[in-house]
Every structure is written in C-alpha cells, then in structure tokens.
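# Notes for the structure review
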Amino acid sequence: MNKARRAITGLSTSPQTVLLLIWVLATIINVNKAFHVDDVFHLEAAEWIKLNPLKPMSGSINWDNTSEPIFHFNQPPGYFYFIAIIGSVFGFSEIPLHLAQSVFSLLTVIYFYKLLCLFQKDFALIGTSLLILGPAFLVNQNIMIDIPILCLSVIFIYLLVQENEAFATRNLYLASGILTIGLLLKYSLLPLILVLVYAIYEKRKVHLMKALLIPIVTLLVWTCLNYMEFGSSHLIGRPRNDVTFRLILDNFTAFILTIGGIAPFSLLYISAFLRNEKRWLIKMVVLSITVVVIAAYLMVFGFVVRSIPHSLFWIVFAYNGLLIIILFFFAAKRMAPDRKAVLILLWGLSMGAFIVVYAPFMATRHVLLLLPPFIVSGSYVFRNASPKAITASIVLTCFLGLVLSISDWVYADFYRKAVPLALRQVPQNSKVWTIGHWGWQWYSKKAGMLFYESDVSTPEEGDYLVSPEVISKQQISDNIVLEEKASVVYPPSPLNVFTTAHFVRFYNSYSYKPPWYLSSSPVDSVVVYRISKVK
C-alpha cells in the first residue's frame with residue numbers, strides 16, 4: 001500500500017476529528033469577515049422583519065437606484081426570519097451572525113460525509129474536503145442563503161438515498177419537509193421536487209404520493225399570504241429571465257467557465273478516465289472539448305485576444321469546466337446499475353438545467369449547489385484514479401480555497417475600513433451623502449451617511465458625497481456638480497493577488513469574465529466629493 005493510501009486509511013480511523021477540523025477552519029475564515037455583497041440585502045430585510053414580522057415582503061430596500069418593495073426581488077423571506085431572530089438576540093454584527101451561519105456549515109460537513117459513506121466510505125473524507133475546503137464553499141459562506149440551501153439539499157438527498165426499508169417512509173416524509181423549508185429560503189431548490197417524485201415513483205407505493213402535498217400545500221399557503229399582503233404571487237410574479245437561445249448559450253458558457261474556475265478536483269476524474277478508457281475515446285473527447293472551447297471563445301470575444309493572461313485563464317477554466325461535466329457522465333456509466341446513483345444523476349441534471357435557464361447571471365454560489373452530485377460521482381471512479389492525482393486534487397482545491405478566501409476577506413474588509421477613513425476627510429457638521437451597494441451600503445449607513453435615492457434625494461450645495469468607484473451604485477442626477485476632495489485607495493497587497501474583486505467577479509461572473517483572476521492592482525477606491533453646485 002503506497003503512502004497516499006496509507007494516509008487516507010489513517011485519516012479514516014478518526015473521521016470525527018478530521019470533520020471537526022474542517023468545520024473549524026471554514027468557520028475561522030468567515031467568523032469576522034465584513035458584510036459583503038448580498039449580505040446587506042438580507043440584513044436590511046431582516047431588520048424590517050424584526051419590526052414587522054407579519055408583513056415580511058412589504059419593506060423597501062434600495063438595491064439599484066431607488067427603494068423598492070422586497071416582493072419585487074427574488075427570494076422568499078425564510079432566511080430573513082432566521083437572521084432577524086439571531087440579530088434580535090445577539091445584535092446585527094459580524095461574529096454572532098457568522099457563528100449562526102456556521103451551524104449550516106457544520107450540518108453540511110456531517111451530512112455530506114454521511115452521504116458519501118453510503119457510496120464509498122474510503123472516499124468520504126476526501127470528498128467532504130473537496131466540497132468544504134474548496135473556494136466555492138469557503139468564500140460564499142458570508143451570511144447569504146446559498147450555504148443553508150446547500151445544507152438542506154444535501155440532507156434531503158441523504159434521506160432519500162438511504163436503503164433502510166424500515167425507515168423508508170419516514171425518511172421520505174422527512175425529506176419532503178426538509179425540501180419545503182428549503183423552498184421557503186430560496187426557490188432554487190424547486191428542481192428537487194423532480195427528485196422527490198422519482199423517489200416516490202420507484203417505490204411503487206401510491207400512498208407515498210401524499211408526501212408531495214407538504215411542499216405543494218406550503219407553497220399554496222405562501223401564495224395566499226402573498227395575495228393578502230401585496231396582492232399577487234411572489235413565486236409566479238418575481239423577476240425572471242426571458243428564455244431565449246442566446247441567453248441559454250451565454251449562461252451555459254458562463255456556467256462552464258465558473259465550474260472550471262472552482263473545481264481543480266477534476267484531476268481525480270481525468271486520472272481515472274485516462275487509466276480506464278480506450279485510447280481512441282480519450283482522443284475523441286480531447287478533440288471535442290478543444291473544438292467546443294475554441295468555438296465558445298470566438299462566440300464570446302470574436303477574433304480579438306483580450307490579453308494573453310486573460311485568454312489563457314478563460315481557456316483553462318472553460319476546458320476544465322467541460323471536462324468535469326463530460327467526465328461526470330462517464331462516471332454515470334459506472335453509476336447506472338445503482339439505484340442510489342440515479343437519484344444523484346437526477347439531482348445534478350435537474351439543478352444544472354434550472355441554473356442555466358433561470359439564473360439571472362452566473363456565480364460561484366449558484367454552481368456550488370451542483371458540486372455535491374459531481375463529487376459523489378467521484379466515489380465511483382476514486383479507486384481507478386492514481387494516488388498522485390488524488391493528492392493533487394486535494395492540495396489544489398484546499399490551496400485555491402484558502403487563497404481566494406483570504407483575498408475575499410481582505411476585499412470585503414476594505415469597505416468596512418474605508419468608511420471611517422473617508423469621514424475623516426469631511427469637515428465636522430457637514431451633511432454627508434453616500435452611494436454604493438453591497439457591504440459599503442451597510443457600513444456607510446450605520447456610520448450616519450445619508451443614502452442617496454436617484455430622482456428622490458435633494459442634496460444641496462456644500463454637502464458632501466462619498467462614493468466607491470468600482471461597485472454597484474445609484475445613478476447621480478446630472479444637476480449635481482461634484483468637486484473631488486480626497487480619496488481612500490486600497491493598497492495593492494500580496495493577499496489579494498488571487499483576486500475575487502474587480503466588480504465582485506466571484507459573485508457575478510459572465511461568459512466574458514472568469515470567477516477569479518490574478519492581479520496586483522487596487523481593487524477599488526473611495527472618493528470624497530464636495531457638491532459645488534446644484535443646477
């Protein structure tokens with residue numbers, strides 16, 4: 001037995017200790033991270049619910065140019081209630097809210113490990129590490145909804161995959177209840193209803209169809225409450241894409257690019273594929289992926305080379321993403337006779353299709369929901385992969401997770417630190433306005449700055465306005481003339497070389513923009529202006 005196998009076997013003798021260390025590391029990285037990106041929307045919705053628990057969707061939040069009702073946005077309020085409860089007891093601050101979020105991280109660690117044990121116990125610790133210590137999980141913890149719904153989806157699948165007939169009916173109803181809770185957090189789990197339908201169908205017991213009533217009745221009740229509160233259905237009336245061929249093509253390209261940028265564990269699949277498939281098939285797959293990647297590049301950029309490094313990153317990510325998806329289906333060949341594996345395959349296909357068609361944009365947090373079925377499929381090819389490929393998959397995944405987590409921590413912290421630094425540049429007793437969303441929105445408002453509403457707010461001559469430069473922000477009236485007085489610039493840092501910044505690319509990636517990049521330039525600057533004239 002080689003060293004890698006001995007190391008894996010040694011770790012397997014004390015899995016609880018290893019799992020605890022994985023969770024502690026994930027929690028430490030996130031515990032005092034500044035509020036970032038969509039955290040702030042959730043915080044403001046929770047503050048409203050704390051005061052108005054019976055009208056959760058009626059509050060207003062400025063997430064574009066002017067304040068809009070919460071029911072204009074995508075998410076149901078289940079998670080907002082969770083934040084409101086924690087915030088009411090412990091305060092709306094970073095450490096208590098991130099510690100509360102870490103409960104979902106812990107449950108994900110436990111249940112993903114238990115799920116993998118049902119497939120290949122020797123792979124369970126490795127697979128759990130690939131998910132939890134990878135960049136998609138570590139960076140996206142924050143206080144956003146994606147880790148909680150990932151947690152619930154893993155528990156849901158674990159309950160369905162178990163083959164203990166004595167508890168089959170109980171597990172089915174529990175799974176239906178877990179899915180229902182998830183749907184009240186985010187509608188992205190709707191595809192899992194198909195998995196539940198299949199799980200009921202394959203048992204050939206008509207009475208189990210009643211389990212479907214739990215999510216269906218709950219959503220109907222939720223819709224009735226919507227009509228009582230604001231006169232329409234949130235589930236049906238919320239913003240959604242106009243589905244076109246071009247949109248699906250662009251979303252699929254961004255989807256491939258995003259997966260490829262966060263999943264270096266593809267080395268495990270590649271090794272197993274090279275060692276077990278015929279040479280002609282390997283050549284055909286390599287050639288096909290090469291042709292598709294070149295065609296995708298030309299579709300996105302034409303015959304223009306943006307820059308050699310950018311093009312190289314784009315091509316590597318796209319190639320890796322396509323490899324993962326194609327090799328997932330090769331793993332599915334080995335999975336096919338296994339009843340458990342059909343549930344995993346349906347999990348991956350339904351969630352993938354939903355994300356590509358309905359996600360308003362691609363992001364690592366969306367793709368995160370697909371990593372568990374990809375990793376579970378690895379348990380079927382794990383024994384065919386070389387020990388070096390397994391070790392490299394673990395090391396690269398953990399390295400990328402660590403450096404991107406540190407980078408994103410520093411990026412988020414810039415806006416937390418920039419607020420008091422900017423206010424020092426403003427004369428005392430001045431009226432100070434601010435524009436800019438994400439974490440900046442929370443910290444600037446809490447510091448007493450007036451949040452600007454496009455076409456509504458009326459700043460006056462002599463007031464000050466503070467604005468981050470590279471951030472989503474409100475449009476300022478053309479009647480306002482600004483005079484720059486000072487700025488706070490993020491100093492380039494080795495901690496931010498592997499960057500998630502430059503318009504939060506890790507949370508907001510498109511077919512032309514990889515989810516992370518190498519950069520030594522400042523991530524942003526905050527400028528202090530004096531309003532010299534109002535026309």
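Use the structure listed above.
Right, let's walk through the structure included here. Each chain has its residues counted from 1, running along the sequence as written. Residues qualify for local features only when their pLDDT is at least 70, as the model is predicted, and side-chain atom pairs are given and counted only at 80 or more; totals for whole chains, interfaces and linings, by contrast, use all residues. Side-chain measures here rest on the full set of heavy atoms in the structure, leaving out hydrogens and waters.

## Some remarks on the packing of helix 2 (residues 15-30) against helix 5 (residues 94-117)
Interaxial angles span 0 to 180 degrees and are taken between N-to-C directions of axes, which are lines fitted to C-alpha atoms, for helices over the stretch in contact. Put simply, DSSP H or I for four residues or longer makes a helix, DSSP E for two residues or longer makes a strand, and each gets a number counted from the N terminus. For the pair helix 2 and helix 5, the least separation of the axes is 10 Å and the interaxial angle reads 150°. Our classification of the angle between helix 2 and helix 5 gives roughly antiparallel. With respect to the hand of their crossing, helix 2 and helix 5 are arranged in right-handed fashion. Of the residues in helix 5, those in contact with Pro15, Leu19, Ile22, Trp23, Thr27 and Asn30 of helix 2 are His98, Leu99, Ser102, Ser105, Leu106, Val109 and Tyr113. Looking at the contact of helix 2 with helix 5 residue by residue, the classes come out as eight nonpolar, five polar and no charged. Working definition: roughly parallel below 35 degrees, roughly antiparallel above 145 degrees, roughly perpendicular at 65 to 115 degrees, and oblique for all remaining angles. By convention, the crossing between two helices is left-handed when the near helix turns anticlockwise from the far helix through less than a right angle, and right-handed when the turn is clockwise. Note on contacts: a residue pair qualifies if any of its non-hydrogen atoms lie within 4.5 Å across the two residues. The residue classification treats Ala, Val, Leu, Ile, Met, Phe, Trp, Tyr, Cys and Pro as nonpolar and Asp, Glu, Lys and Arg as charged. All others, Gly included, are polar.

## Considering the packing of aromatic side chains
Any two of the Phe, Tyr and Trp rings considered here, Trp counted by its six-membered ring, make a pair once their centres fall within 6.5 Å; the pair's planes then place it as stacked at under 30 degrees, edge-to-face at over 60, or tilted in between. Under the definition given, this model contains 32 aromatic pairs. Comment: the charge-over-ring label is applied if NZ (Lys) or CZ (Arg) is within 6 Å of the ring centre and within 35 degrees of the ring normal. Between Lys340 and the ring centre of Phe119, over which it is positioned, the NZ or CZ distance is 5.3 Å. Stacked on the ring of Trp409, the Lys or Arg Arg416 has its end atom at 5.6 Å from the ring centre.

## Brief notes about the side chain of Thr434
Residue position: Thr434 is located in strand 3 (residues 432-434). The buried label goes to any residue with under 20% of its type's maximum accessible area, the exposed label to any with over 50%, and the partly exposed label to all in between, with areas taken from a 1.4 Å probe on protein chains only. Owing to a relative accessible area of 0%, Thr434 belongs among the buried residues under this scheme. The residues contacting Thr434, other than those within four sequence positions of it, are Trp440, Ser444, Met449, Leu450, Phe451, Tyr452, Val466 and Gln474.

## Details of a nonpolar patch on the surface
To count toward a patch, a residue needs a relative accessible area over 30% and no salt bridge; like charges are then connected within 9 Å, while nonpolar side chains (Val, Leu, Ile, Met, Phe, Trp, Tyr) are connected within 5 Å. Only the protein chains shown count as cover for residues, and all accessible areas are computed by the Shrake-Rupley method using a 1.4 Å probe. We define a salt bridge as a side-chain nitrogen of Lys or Arg found within 4 Å of a carboxyl oxygen belonging to Asp or Glu. A cluster of nonpolar side chains, namely Leu213, Val217, Val221, Leu225 and Met228, defines an oily patch on the protein surface of about 490 Å² accessible area. One can find Val217 in helix 11 (residues 213-230).

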